[in-house]
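The primary structure of each chain is shown beneath.
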Amino acid sequence: MAEFLLELFSEEIPARMQARAAEDLKSLVTDALKAAGLAFDRAEAFVTPRRLALVVDGLPAVRPDVVEERKGPKVDAPSQAIDGFLKATGLTLDQCEQRDTPKGKIWFASLTIPGGPTTDLLPEVIRKAILGMPWPKSMRAAEQVVRWVRPLHHVLALFDGKLVPFRYDLHKPDIDGSGEGAKAAVDSTVGHRFMAPGRITVTGFADYKAKLRDAHVVLDREERKAAIKAQVEQQAQAARLTLRDDPGLLEEVAGLVEWPVAYLGRIDDAFMAVPEEVLVTSMRTHQRYFALEGGDGKLAARFAVVANTQTKDDGATVVDGNERVLRARLSDAKFFWDQDRKTPLEGRVKSLEPIIFHAKLGSVAQKVERMAALAAALAPALGADPAKADRAARLAKADLTSEMVGEFPELQGLMGRYYALAQGEPADVAEAIADHYKPVGPSDRCPTAPVSIAVALADKLDTLAGFFAIDEKPTGSRDPYALRRAALGVIRLIVDNTLSLPLRTAFGAAWDAYRVEGLRDRALVVEELLSFIADRLKVAMREKGVRHDLIDAVFAVGGEDDLLRLLGRVDALAAFLGSEDGANLLTAYRRAGNIGRIERKKDGVEGFGEVDAGRFAMAEERALFERLEADAQPLRAALVAGDFAAAMTTLAGWRPAVDAFFDAVLVNDPDLRQNRLALLEDLTSSMDAVADFSKVEG
């Protein structure tokens, strides 16, 4: 068994593309090897800023013969089609076989593709891998024809320690090496750009990895991440500080360096009066610096920078240069902070008028007006002050016109909070401004303060109602206005805060707030939104182990638009179906439903009418009827009161009468058939008042 080592060495690959690129290279090569009938023991991909590497262990030196089956035309197809199939396969009709398929008799051919030295196959595998890399963005150097993420400098290709005879020329679209001057694969690479730029000859993967380390290149991405974190934590600890956790930044920085070396720098005290989120965002976004914090959890006047090289002065030059760059960055941020506070938030609201929310839905200023009205209307039911909800909603988008948010869009809302506090707004109004976009994802914090909930709900309800009203709904994977995220946000705000909120009324009020032409019918939009919320609720609850079919069963009853009541009914239904009585009653429901469906179709009728108690011939049918009649009012009362456990207990009490009916009564008695079928319809419709049991799976 042999080892295959491949390295594609280029100019710096963008950090965000590296991890995916390594997996893509691995898939392209290993899929090609498998297609050629080559088994292997292990394949592992690596990436640094300047190289993609792959090692495949346990490949046979000689690939086996591969039998490939090809499907041909039908046996009775025109002769031209059969002749074309035979010409393509190089076989005669006697060498093919007929097989029966659902589409009739088909010709099949088995072709044996002879094996040979594995090394003969590898050039084509490499060529297709290079051309097949699905880069999100690519470029073409001035002298090249082939597009790649960055100019490719060399290809290292070794099989069993020997050079693979692969030639390529990026000046040619197919890089098949057919032109004069085509480059050959090499058995050497280069180390660190500055610390070890010379070429390094290697004989295999172990030698490759070890020599790269000696040349100041850490090949393994996870090892670089661990080294970065350990170095920063060690230096922070020495300064009695703590590294602020930032997995995303750690991933990015690991893609920027081949030999990480961490240093600590200082933030000028003059900048520490600027909100720490601004400082952290500026350092992170522009400079890829790690934030440090003191024992009190607040941002420290220090930062960590990870260089890609060691210096003779132990990083003094690196630190000094980065401090000067950061000083300039933070000077801009401080200027924005000082300037923005000179204009009160209400003075910025008018500037929202030229900003278009959507061409058919008006400006952001108009959205703010709708949000304010809706937030104030929702406030009493949420325990919030309507005046504060109105005020917070009117100021919520004002920071969009600030210099700071213009520079750092990710700080919108948060900067509005700081500006609101600076101008003396109540704390709960300021917090509502900061929180009105939340939650933006499943792991994001959900607002809990009443005013914050009111404004956050108003923002999301307005967005959902508006886009559904102009028929801009998500389709497939397309959701340009993040409406699924908005719906999940509504669900979390309601469920996490145990709010009783009739959504039909809320969506209707949101639709009513729009004063634009061409909106779709109000009732239709509201029902579509409820269905959309139901779909999102199934997604949200699936992670908590809630069955989607039970949510469908409860939603199908109709009229229920309070998520808390709905989930309470789902929980009660799940408990009921998990009991012996519930499982047996579900079986009886399905039996009754199947009988009714078959008999209605046979008679060509919609239903079997009212039950006539005077036509009962057996005690069992009378007992079932009387039980349904006696429990009808208590069942309705339990559902209205939201006591779904009591409703399920009522259903469970029907089991003896239902079991006795099916054990003793012949439903299709010629003289009593219609009345008994009507009784079974009463049974299923009574159960459907609790949940549509036809939608329960299993």
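Right, let's walk through the structure included here. Not measured: the values here are computed from a predicted model. (Residues numbered from 1 in each chain as written. Predicted model: local features only at pLDDT ≥ 70, side-chain atom pairs only at ≥ 80, totals over all residues. Heavy atoms only, no water.)

1. Quick look at helix α3 (residues 118-132)
Because the α-helix completes a turn every 3.6 residues, residues three or four places apart line up on one side.
Thought 1: Compared with the 21 Å implied by 1.5 Å per residue over 15 residues, the 21 Å span of α3 between its first and last C-alpha is a close match.
Thought 2: In the core, the buried residues of α3 are packed alongside β1 (2-10), α1 (15-35), β4 (62-63), β8 (116-117) and β9 (152-159). (Helix = DSSP H or I, 4+ residues; strand = E, 2+ residues; numbered from the N terminus. Expected span 1.5 Å × (residues − 1). Contact = heavy atoms within 4.5 Å.)

2. Details of helix α13 (residues 414-422)
Thought 1: Here α13 has its buried residues at Met415, Gly416, Arg417, Tyr418, Tyr419 and Ala420.
Thought 2: Contact partners of the buried residues in α13: α7 (276-287), α8 (316-340), α9 (345-349), α12 (403-407) and α14 (427-435).
Thought 3: Phi for Gly424, located one or two positions after α13, is positive at around 85 degrees. (Buried < 20%, exposed > 50% of the residue type's maximum accessible area, 1.4 Å probe, protein only.)

3. Some thoughts on the nonpolar core
Side chains of a nonpolar character, in soluble globular proteins, are inclined to be buried together.
Thought 1: Counting 144 residues, the largest nonpolar core has Leu457, Leu573 and Phe693 as its most contacted members.
Thought 2: Each residue touching Leu457, except ones within four places of it in the same chain, is listed here: Leu378, Leu382, Val490, Leu493, Ile494, Leu499 and Leu501.
Thought 3: Core analysis: the second largest hydrophobic core is formed by 38 residues, Leu6, Leu38, Leu59 and Val149 among them. (Core = buried A, V, L, I, M, F, W, Y, C linked by side-chain atoms within 4.5 Å.)

4. Re the pairing of strand β2 (residues 42-48)
Thought 1: Judged by how many residues are buried, β2 sits mostly within the fold: 5 of 7 residues are covered.
Thought 2: Across 7 bridges, β2 lies against strand β3 (residues 51-59) in antiparallel orientation. The partner of Ala45 across the bridge, within β3, is Leu54.
Thought 3: Here β2 folds back onto β3 in antiparallel fashion, the turn holding 2 residues. (Pairing = 2+ DSSP bridges.)

5. Focus: the side chain of Thr189
Thought 1: Along the chain, Thr189 turns up in strand β13 (residues 188-190).
Thought 2: On the basis of relative accessibility, which here comes to 1%, the residue Thr189 falls in the buried class.
Thought 3: Looking at Thr189, its side chain comes within polar contact range of the side chain of Glu7, at 2.7 Å.
Thought 4: A polar atom in the side chain of Thr189 sits 3.1 Å from the side chain of Arg51.
Thought 5: Contact partners of Thr189, with chain neighbours within four places excluded, come to Glu7, Phe9, Arg51, His154, Leu156, Gly198, Arg199, Ile200, Tyr208 and Leu212. (Polar contact = N/O pair within 3.5 Å; in protein donor to acceptor, adjacent residues only side chain to side chain.)

6. Section: the packing of helix α15 (residues 450-469) against helix α16 (residues 483-496)
Thought 1: At a closest axis distance of 9 Å, the pairing of α15 and α16 adopts a crossing angle of 140 degrees. By the angle between their axes, α15 is oblique relative to α16. Two packed elements cross with a definite hand, and for α15 against α16 that hand is left-handed. On α16, the residues touching Ala456, Leu457, Lys460, Leu461, Thr463, Leu464, Phe467 and Phe468 of α15 are Leu483, Ala486, Ala487, Gly489, Val490, Leu493 and Ile494.
Thought 2: Of the residues in the contact of α15 with α16, the class split is 12 nonpolar, 2 polar and 1 charged. (Axes fitted to C-alpha atoms, helices over the stretch in contact; angles between N-to-C directions. Parallel < 35°, antiparallel > 145°, perpendicular 65-115°, else oblique. Left-handed = near helix turned anticlockwise from the far one by under 90°. Nonpolar A, V, L, I, M, F, W, Y, C, P; charged D, E, K, R; others polar.)

7. Considering the sheet that holds strand β15 (residues 242-243)
Thought 1: The strand order across the open sheet built from 4 strands is β15-β17-β18-β16, with neighbouring strands paired in antiparallel fashion. Pairing within the sheet leaves two strands with one partner each, and these edge strands are β15 and β16 (261-266).
Thought 2: Looking at chain direction, strand β17 (residues 290-293) and strand β18 (residues 299-307) are connected through 3 bridges and run antiparallel. For Glu293, the partnering residue across the bridge sits in β18 and is Leu299.
Thought 3: Running at roughly 40 degrees to β16, helix α5 (residues 221-238) makes contact with β15, β16, β17 and β18 of the sheet.
Thought 4: Packed on one face of the sheet, α8 meets β16 and β18 and runs near 50 degrees to β16.

8. Focus: the sheet that holds strand β10 (residues 162-163)
Thought 1: Strand order in the open sheet made by the 5 strands is β2-β3-β1-β9-β10, with antiparallel pairing throughout. Either end of the sheet is taken by a strand with one partner, and the two such strands are β2 and β10.
Thought 2: Note that β1 and β9 share 7 bridges and pair antiparallel. Bridging across to β9, Ser10 finds its partner in Leu152.
Thought 3: Sitting on the sheet, α3 is in contact with β1 and β9, with an inclination near 150 degrees to β9.

9. Details of the environment of Thr285
Thought 1: In this fold, Thr285 is placed in helix α7.
Thought 2: In this structure the C-alpha to C-alpha distance between Thr285 and Leu249, which are 36 residues apart in sequence, comes to 9.1 Å.

The quantities given are spatial measurements derived from coordinates; they are silent on function.
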